[in-house]
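An overview of the molecular structure
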Amino acid sequence: MTSALPPPPVIEWDHVTFAYGEAVAVEDVSLTIHAGELAAILGPNGSGKSTLIRLALGLLRPSAGAVRLFGRDSADFADWDRVGYMPQVVAGTWRDFPITVAETVAHGAYRGIAPLAIFGRSDRPEVVEALEAVGMVRYMGRLLSELSVGQQQRVLLARALVRQPELIVLDEPAAGIDVSGEEQLYALLRDFNRERNITIVLVSHDIGAMMREASTLACLNRTLVRHGPSHELTSAEIAMLYGVPVDVLIHDALHEHR
Ligand code: ADP
Ligand code: MG
């Protein structure tokens, strides 16, 4: 038997610093996510998670350091079919915007839904297949605005899937859905990761869910606090990350989910 090559890097943050004006949101972060990982980026609110993702997707440019996607500088990266992005869903986003579920998925753009975009044909087989994968095919003709937040999230997941990406990035995908919706979402992601070998990057503030779901955990609080296998995360590291004792957090997390 020949020894297997290590999986190639998918996202590399190389000594990355980013500031919004004077305010440093991400400081000297070096982190690599490899192909096949189900990776989580965990940290309290305002710790720079979304900023780190925007840097990876070329939506922001680092003030210092370099960011590479599939080995290319994010600024020069052009092969967006390889990347699915599920931005955070905010309730009410589509209230006055008459777009159907199928049109949303057919659009398939990764940078959010542009109101004036010209939509692709919405009855293509890949659109139907992506909606089947997330259990939303029977809602194809419905308006996005008529769905619950959890259903909208699944539609956005179908949209991220429609180009059969190698990487899917999800920013707080469980925010605003109930426990059973959350379990279904994570089951889908596990399936995409294992059965389709899609690299998944999950951004969350939810310690319990990330310890359960992710293979690797990067803990961020402006700087990278730790990175390694999720099952090796210690109470001391969690306390350092969140600045409060772990039992308080676990209590809050349980409370939040009931
Ligand atoms: P997280 O996703 O972990 O909650 P963010 O990356 O959204 O954190 O934010 C990190 C820090 O940067 C926060 O202090 C936030 O207030 C600030 N920030 C985020 N977006 C902007 C922006 N567009 N302009 C100015 N400051 C921002
Ligand atoms: Mg965020």
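Scroll up to find the structure.
The following refers to the structure shown. (Residues numbered from 1 in each chain as written. Chains lettered and ligands numbered in written order. Predicted model: local features only at pLDDT ≥ 70, side-chain atom pairs only at ≥ 80, totals over all residues. Heavy atoms only, no water.)

**Considerations on the packing of aromatic side chains**
- One pass over the full model with this rule turns up 3 aromatic pairs.
- Considering the side-chain rings of Phe-18 and Tyr-20, the 4.8 Å spacing of their centres and the 80° angle between planes classify their relative orientation as edge-to-face.
- You can call Tyr-20 partly exposed: its relative accessible area is 40%.
- Seen from the ring of Phe-70, Arg-82 lies directly overhead, with NZ or CZ sitting 4.0 Å from the centre. (Phe/Tyr/Trp six-rings, centres within 6.5 Å; stacked < 30°, edge-to-face > 60°. Buried < 20%, exposed > 50% of the residue type's maximum accessible area, 1.4 Å probe, protein only. Lys NZ or Arg CZ within 6 Å of the ring centre and 35° of its normal.)

**A closer look at the pairing of strand S9 (residues 216-221)**
- Among the 6 residues in S9, 5 count as buried, and that is most of the element.
- Two strands pair when backbone bridges link them, and strand S3 (residues 38-42) and S9 are joined in this way by 4 bridges, in the parallel orientation. Across the sheet, the residue bridging to Leu-42 is Cys-219, located in S9.
- Pairing analysis gives 6 bridges linking S9 to strand S10 (residues 223-229), with the strands arranged antiparallel. Paired with Thr-216 across the strands is Pro-229, a residue of S10.
- In this antiparallel pair of consecutive strands, S9 and S10, the connection spans 1 residue, and Arg-222 shows a positive phi of 70°. (Helix = DSSP H or I, 4+ residues; strand = E, 2+ residues; numbered from the N terminus. Pairing = 2+ DSSP bridges.)

Scope: geometric values only; no functional claims are made or implied.
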